[in-house]
Amino acid sequence: MKIRTWIDFFLYSNLFISLCAAAITIETYLLIYSEINWMYVSFTFFSTLVFYDFPSLFFAKEAFSSEESERHSWINENKKVLGIFLALGLIGVASTIFFFPFKFILSFIPTATVAFAYFFPQTHLRSIAGLKAGVIAFVWTAVTCIYPLLLHALPRHDLDILFYGYHGLLMAQRFFFILPLCIIFNVRDMEADKTAGVRTLPLAYGIKATKIICLVSLFLFTAFLRFLFGKIEIALIISAIVAAIFILRTSKSSSEYFYSLWIDGMILLQAGLVEVAVRL
């Protein structure tokens with residue numbers, strides 16, 4: 001029982017997904033053969049904690065599958081814990097962001113606005129079909145890939161480096177890998193999304209069609225890999241294959257652990273495989 005309690009704490013407090021975000025940010029630095037900016041990696045961890053704990057605290061009823069779900073029950077019983085982690089996340093963001101150039105800080109405003117605007121019903125963003133997964137995938141791509149590349153480019157005063165050669169491919173790879181993981185989460189949230197009036201792909205087209213869309217996205221991910229394949233590309237392909245297997249196994253009856261540990265865990269898996277490939 002104690003082990004399960006700690007797993008629940010790690011998953012539902014959003015420490016695990018924040019760790020995943022930090023890991024795949026490190027992957028970005030490895031893929032561009034750059035020294036890892038640990039201050040930015042720390043910022044990624046704390047900002048992800050804020051991004052996930054905020055809706056958990058204030059929009060849990062709309063965000064998760066049902067009030068009877070394991071995650072929702074844990075949130076109801078541990079709101080003080082989430083509040084503490086949200087506060088720590090905000091402190092962490094404030095403590096790290098001022099180590100970056102002012103122009104770089106300003107560049108976060110559009111992404112942060114989009115990220116948080118989605119949760120407010122007054123914006124009506126939730127009524128646009130398929131936007132839920134797209135918004136989350138965009139934010140993940142921006143925070144874990146685009147901004148590290150931008151930070152890498154600023155000392156050179158050459159923003160063209162963002163879209164130069166492999167960097168452009170890397171951004172496309174990140175988006176098309178994260179997108180299906182976000183889309184398949186909508187299967188878990190079908191009942192909550194239906195109640196909240198959120199038009200997601202599973203609700204609009206069904207679970208089978210949703211899985212096909214996810215597999216197409218993973219195929220596009222592999223299509224943006226560099227040729228000829230080396231160790232890193234093989235590692236990335238393996239991560240896509242494993243992600244596809246879990247997506248195909250997804251159903252409305254899949255447990256909360258299946259989504260929060262295994263689906264989200266695909267991010268950590270890819271980062272780990274790339275780490276191994278780089279070190280070989």
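Each chain carries its own residue numbering, running from 1 in the written order of its sequence. The predicted origin of the model limits local features to residues at a pLDDT of at least 70 and limits the giving and counting of side-chain atom pairs to 80 or more, whereas totals for whole chains, interfaces and linings rest on all residues. Values shown for side chains rest on all heavy atoms present in the structure; no hydrogens or waters enter the calculation.

S.K.: What is the right way to look at the overall build of the protein chain in this model?
M.R.: By definition, any uninterrupted DSSP run of H or I lasting at least four residues is a helix, any uninterrupted run of E lasting at least two residues is a strand, and each is numbered from the N terminus. In terms of helices and strands, the protein chain carries 15 helices and 0 strands. Think of it in three bands: residues with accessible area under 20% of the maximum for their type are buried, residues over 50% are exposed, and the middle band is partly exposed, with areas taken using a 1.4 Å probe on protein chains only. Within the span of the protein chain, comprising 280 residues, buried residues form 53% of the whole. The contacts of the protein chain with a sequence gap of at least 6 include a subset with a gap of at least 24, amounting to 76%. Contacts are residue-level and defined by heavy atoms, with any inter-residue pair within 4.5 Å sufficient.

S.K.: Please explain the pattern of salt bridges as it appears in this structure.
M.R.: What makes a salt bridge here is a side-chain nitrogen of Lys or Arg within 4 Å of a carboxyl oxygen of Asp or Glu, nothing more. Following the criterion strictly, the structure yields 5 salt bridges and no others. With a closest N to O distance of 3.5 Å, Arg-174 and Glu-27 form a salt bridge. On the criterion of sequence distance, the pair formed by Arg-174 in helix α10 (residues 166-188) and Glu-27 in helix α2 (residues 15-31) is long-range, its members being 147 residues apart. Its relative accessible area of 2% is what places Arg-174 among the buried residues. Looking at Glu-27, the relative accessible area reads 1%, which means it is buried. Between Arg-279 and Glu-275 there is a salt bridge whose closest N-O contact spans 2.7 Å. Of this pair, Arg-279 and Glu-275 both sit in helix α15 (residues 256-279), separated by 4 residues, roughly a single helical turn. Given a relative accessible area of 58%, Arg-279 falls into the exposed group. Taken together, the salt bridges that share partners define one network made up of Arg-71, Arg-188 and Glu-256.

S.K.: What is the right way to read the side chain of Asn-186 from this model?
M.R.: With respect to the helices and strands, Asn-186 occurs in helix α10. Residue class for Asn-186 comes out buried when judged on its relative accessible area of 3%. Here Asn-186 is in contact with Lys-132, Ala-133, Asp-193, Thr-200 and Pro-202, once residues within four sequence places are set aside.

S.K.: Would you explain the packing of aromatic side chains in this entry?
M.R.: Put simply, two rings from Phe, Tyr or Trp (the six-membered ring, in Trp's case) pair if the centres are within 6.5 Å, and we call them stacked under 30 degrees between planes, edge-to-face over 60, tilted for the rest. Tallied over the entire structure, the rule returns 24 aromatic pairs. With a centroid separation of 5.1 Å and an interplanar angle of 85°, the aromatic rings of Phe-104 and Phe-108 are classed as edge-to-face. According to the relative accessible area criterion, Phe-104 is buried, its value standing at 1%. Aromatic ring contacts, followed pair by pair, group Tyr-40, Phe-43, Phe-100, Phe-104, Phe-108 and Tyr-147 into a single cluster. For a ring to carry a charge above it, either NZ of a lysine or CZ of an arginine must fall within 6 Å of the ring centroid while also lying within 35 degrees of the normal to the ring plane. Directly above the aromatic system of Tyr-166 lies the positively charged group of Arg-226, at a separation of 3.8 Å from the ring centroid.

S.K.: For this particular structure, what's the right way to read the environment of Leu-170?
M.R.: Mapped onto the secondary structure, Leu-170 falls in helix α10. Judged by its relative accessible area of 1%, Leu-170 is buried. For the pair Leu-170 and Thr-141, spaced 29 residues apart in the sequence, the C-alpha separation amounts to 9.6 Å. With residues up to four places along the chain from it excluded, the contact list for Leu-170 reads Thr-28, Leu-31, Ile-32 and Cys-145.

S.K.: Would you mind showing me how to read the side chain of Ser-239 here?
M.R.: When you line up the elements, Ser-239 lands in helix α14 (residues 231-248). For Ser-239, a relative accessible area of 0% corresponds to the buried category. Polar side-chain contacts of Ser-239 include one of 3.1 Å to the side chain of Gln-270. What Ser-239 contacts, discounting residues up to four positions off in sequence, is Phe-177, Phe-221, Gln-270 and Leu-273. We define a polar contact as two N or O atoms separated by no more than 3.5 Å, with the added condition that, inside protein, one atom must be a possible hydrogen donor and the other a possible acceptor, whereas residues neighbouring each other in sequence contribute only through side-chain atom pairs.

S.K.: Help me understand unusual backbone geometry in this model?
M.R.: Phi is mostly negative for residues that are not glycine, and the peptide bonds are mostly trans. A positive phi is found at Asn-14, a non-glycine position, where the angle reads about 75°. Inspection of the secondary structure assignment puts Asn-14 in the loop between α1 (2-12) and α2. What makes Asn-14 buried here is its relative accessible area of 2%. Backbone geometry places Tyr-33, a non-glycine residue, at a positive phi of 55°.

S.K.: In this structure, what is going on with the packing of α14 against α15? I would like to understand it.
M.R.: Geometry of a packed helix pair, given as the angle between the helix axes and the separation of the axes. It is at 8 Å that the axes of α14 and α15 come closest, and there the two elements cross at 165°. With respect to each other, α14 and α15 are oriented roughly antiparallel. For the pair α14 and α15, the crossing hand works out as right-handed. Contact with α14, carried on its side by Lys-231, Ile-232, Ala-235, Leu-236, Ile-238, Ser-239, Val-242, Ala-243 and Phe-246, involves Phe-258, Trp-262, Ile-263, Met-266, Leu-269, Gln-270, Leu-273, Val-274, Ala-277 and Val-278 of α15 and no other residues of that element. Convention adopted: a line fitted to C-alpha atoms gives each axis, helices being fitted over their contacting stretch, and angles between N-to-C directions are expressed from 0 to 180 degrees. Roughly parallel covers angles under 35 degrees, roughly antiparallel covers those over 145, roughly perpendicular covers 65 to 115, and oblique covers all other angles. For any pair of crossing helices, the crossing counts as left-handed if the nearer helix is rotated counterclockwise from the farther one by less than a right angle, and right-handed if it is rotated clockwise.

S.K.: Help me understand α10, please; the structure alone is not making it clear to me.
M.R.: Note that an α-helix has 3.6 residues per turn; residues three or four places apart therefore point the same way. To estimate how far a helix should extend, the number of its residues minus one is multiplied by 1.5 Å. With 23 residues, α10 should reach 33 Å at 1.5 Å per residue; the first-to-last C-alpha distance of 35 Å fits that figure. Most of α10 is tucked away, with 20 of its 23 residues classed as buried.

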